[in-house]
Amino acid sequence: MTTVITAASGVLPPAGQSGCTAVGLAALAARDCLATARLAPQSVGALINVGVYREANTFEPAMAALIQKEVGINLDYLANPGPAAFSFDLMNGACGVLNAVQVAQALLETASCDRVLVTAADVHPGGCAGDDPLYPYADLGGALLLERGTQPDRGFGRVRTWSRQGDPAVAGHLETATMGAGGRAVVTVVRDADREERLLEFTASVVADYARAEGLDLARTLVLCGRPAPDFGARLASCLNLDAAQVLASAPPGPSMEGTGEAHTAGPVLGYLQATAAGLPAGTEQLLLVTAGAGLSAACASYRPPLETGDTAL
Amino acid sequence: MTTSTRSSRFEALGAYLPPTVLSTADLLARVSGTPDVDLERITGVAERRVYDPSPQAGEDSYGLALKAARECLANSRYAAAELDVVISASITRFKDGGRFTFEPSFARMLSQELGADAAIHFDVSNACAGMMTGVYLLDRMIRAGVVRNGLVVSGEQATKISETAAVELTDSYDPQFASLSVGDSAAAVILDESVDEADRIHYVDLMTCAEYAHLCMGMPSDRTQGIALYTDNKQMHTRDRLRLWPSFHGDLLAKQGRTFADEGFDYIIQHQVGTRFVEFVNATGEEEFGVAMPPSLNVVAWTGNTASTAHFLTLQQHLKAGSARQGAKFLLVPAASGVVTGALSATISTLGV
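Residues numbered from 1 in each chain as written. Chains lettered and ligands numbered in written order. Predicted model: local features only at pLDDT ≥ 70, side-chain atom pairs only at ≥ 80, totals over all residues.

Moving on to the environment of A298(A). Residue and element names in this part refer to chain A. Here A298 lies in strand β13 (residues 297-304). The class of A298 is buried, set by 25 C-beta atoms lying within 10 Å. Spatially, the C-alpha atom of A298 lies 18 Å from that of Y272, the residues being 26 residues apart in sequence. Setting aside chain neighbours within four positions, we find A298 in contact with C95, T161, W162, F202, T203, V206, V290, T291 and A292. (Helix = DSSP H or I, 4+ residues; strand = E, 2+ residues; numbered from the N terminus. Buried ≥ 20, exposed ≤ 12 C-beta atoms within 10 Å, placed from the backbone. Contact = placed C-beta atoms within 7 Å.)

Moving on, we get to the packing of helix α1 (residues 22-36) of chain A against helix α2 (residues 63-71) of chain A. When two helices pack together, their arrangement is given by the angle between the helix axes and by the axis-to-axis distance. Residues and elements named next belong to chain A. Here α1 crosses α2 at 50°, and the two axes come no closer than 9 Å. Between α1 and α2, the angle is such that the two are oblique. Helix-helix and strand crossings are classified by hand; for α1 and α2 the assignment is right-handed. In contact with A22, V23, A26, A27, A30 and R31 of α1, α2 contributes M63, L66, I67, E70 and V71. (Axes fitted to C-alpha atoms, helices over the stretch in contact; angles between N-to-C directions. Parallel < 35°, antiparallel > 145°, perpendicular 65-115°, else oblique. Left-handed = near helix turned anticlockwise from the far one by under 90°.)

Okay, the nonpolar core next. With 229 residues, the main nonpolar core has I48(A) and V118(A) as its most contacted residues. Leaving out residues up to four positions away in the same chain, V118(A) has contacts with I48(A), V50(A), V97(A), A100(A), A104(A), A143(A), L144(A) and L146(A). (Core = buried A, V, L, I, M, F, W, Y, C linked by C-beta atoms within 7 Å.)

Turning our attention to the confidence of the model for chain A. The predicted structure's coordinates, where accompanied by low pLDDT, should not be read in detail. Mean pLDDT over chain A stands at 93; residues scoring 70 or higher make up 96%. A low-confidence stretch, residues 310-314 of chain A (pLDDT under 50), is modelled with 18 contacts involving residues beyond four sequence positions or located in other chains. (pLDDT = per-residue confidence, 0-100.)

A separate point is the sheet that holds strand β13 (residues 267-270) of chain B. All names here are of chain B. With respect to topology, four strands assemble into an open sheet ordered β10-β15-β14-β13, the strand pairing being mixed. A strand with exactly one partner marks an edge of an open sheet, and here the two such strands are β10 (200-208) and β13. Across this sheet, the average inter-strand angle for adjacent strands is 15°, counted without regard to direction. Of the strand pairs in this sheet, β13 and strand β14 (residues 328-333) are connected by four bridges, and their pairing is parallel. The partner of I268 across the bridge, within β14, is L331. The strands touched by helix α5 (residues 130-143) within the sheet are β10, β14 and β15 (340-348), with β10 carrying the most contacts at an inclination of about 120°. (Pairing = 2+ DSSP bridges.)

In this section: the sheet that holds strand β8 (residues 149-156) of chain B. Here 10 strands make up an open sheet; going across it, the order is β1(A)-β5(A)-β4(A)-β2(A)-β3(A)-β7(B)-β4(B)-β8(B)-β9(B)-β1(B) and the pairing mixed. Since the sheet does not close on itself, it has two edges, and those belong to β1 (3-11) of chain A together with β1 (8-16) of chain B, each with one partner. On average, each strand axis in the sheet is inclined to that of its neighbour by 20°, with strand direction left out of account. Judged from the three bridges that link them, strand β3 (residues 86-91) of chain A and strand β7 (residues 120-125) of chain B form a sheet pairing that is antiparallel. Each bridged residue has a counterpart across the sheet, and for L90(A) the counterpart in β7(B) is V124(B). The sheet contacts of α1(A) involve β1, β2 (46-49), β4 (115-122) and β5 (140-148) of chain A, and relative to β5(A) the element is tilted by about 40°.

Taken together, the contact pairs 59 residues of chain B with 61 residues of chain A. Of all elements in the fold, only β6 (99-103), α4 (106-114), β7, α5, β10, β11 (216-220), β12 (227-231) and α9 (244-255) of chain B reach the threshold of two or more residues within the side of chain B that touches chain A. When residues in the side of chain B that touches chain A are grouped by element, the largest group, six residues, is from β7(B). Class assignment for the residues of the side of chain B that touches chain A results in 27 nonpolar, 19 polar and 13 charged. (Nonpolar A, V, L, I, M, F, W, Y, C, P; charged D, E, K, R; others polar.)

On to unusual backbone geometry, then. Residue L296(A) is bonded to the preceding G295(A) through a cis peptide linkage, with omega at -10°. Relative to the elements of secondary structure, L296(A) occurs in the loop between β12 (286-293) and β13. A cis amide bond links E103(B) with the next residue in sequence, P104(B), at an omega value of 0°. By the secondary structure assignment, P104(B) is in the loop between β6 and α4. Phi at D96(B) takes a positive value of approximately 55°, unusual for a residue other than glycine. Looking at where D96(B) falls in the secondary structure, it is placed in the loop between β5 (94-95) and β6.

Right, here's the structure in full:
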């Protein structure tokens, strides 16, 4: 059995709108996916939300339940005892989407459900990333609709994960001892000075490990990674002895690309959309999605798109 | 789809309760707007355990989780380095005292400290169904052959919400009223592949009915410094909400041509919201299934509502005390914000506690 992306979507906050929410962005991206796939909300069996930063620093319920409500999936089983759905948050910093793919593979493999919707939305708890110069991420949402593939050898390969001992390089938290009554609108993200170097070395190392373990020809692979620095993609290509065009470091779209902040958990969704928007470069057999971040934690998975897909480009 | 017939089982269980006891009477003495109600009579919670704030006690959410994980590993045949996955399910993610953590994941930090560096790791957050969600995912990962074993752990510094409620509460209709019935704790469970029906998770299925997702919301207070939980208790515990479990569970069994009576459960563990809540849910189950419920295992009277750890803390306490026997069939029923319900059926015969 393989797992394929049936639809993908990435959304930015509507221009001029203040007070965006992770639930709103995730629900918008999720609805986009369902529209692209021409599916009703009730066709989703599991919803996994992997966003880390959220409105008002909400910690209960799962943001996934609030997103599920917005999208209209399994609202009340007693009133409408159709197919049930289950939702939950899965968080692992930048690696959430690939961990969710790993979990979705198990849910689909065991016939626990037929479709898994993965949402990845991060917003500043105060509602606007641009208002906090110390907050490094963009307000951004993404979604992937996953289901069982029908074409052999098409879809996701095995998801592999790695950890590195030592300092986490990135840490995000709310200082409740000093937040006063303003804790709904503040968050602290601390990034070590050597973060970019450590993430570069770690990312290169896990890509090489993955290619070796899975027998992947990197020369015929487009690597999709995050963008902790503007030249990260080029430097990763250099580390891996690849052509610069074989590495795509995703960033939120728009004229102020460097000013809006980094894509966080939605990074792999953006990368997938940007890579497939115009078709894969000639000679490319597969994508390799790689994420690395706080922990240090990293994850990798190959993806061979089915011969026809429906994507919603940004 | 899989043709595998693999199943999972509970291999080891661990729990930790802080030694400090806070009686309901002593808690109420700290509430500024003392409610004009008998909290102990309404909830059945006589006392709860509370964290020691001194750093050396290691009783923030992270420290509590670490203690339960170590206890669980001590009861397991696996060493930390042999774990394939570590899943953390804390709702309250306090580390280093008052730092509420968003990244790195608790699971990453716990796996590093435990020596499970090779393990897949991620946090799940699903309110009081968090550990059940972790067990559900680990069961599926074992059945799919993604992992051979794994640890699900949660440490809950839940009384942080009681502290805010004590300062802000005005009367018994206040949305923070339920925050007075929680307690601190940690629990951890290791699952691996079942090779014997005497130790097997027969099924674990969960459902979220999102219409009611807003009935219980947790976030920092906007009135004083602290985290708070706002619950619409009346709506959360209406008869229709309570009927979600028997309706979902009954349909699940009917698809396989079985009934609740056929299951032969020896014990039932409901979410430990309060003694009367457990009675109401069991009464609803009896009405809907048309059969008596098995003996109900509880700890809420002396632990309070321990959030995501409640079912596994209850299981551990009763197995350890001998008030639940090994070789029995257990039904665990979650009830969580979302709202989440479901059923976990397991026979437990050689579980290390």
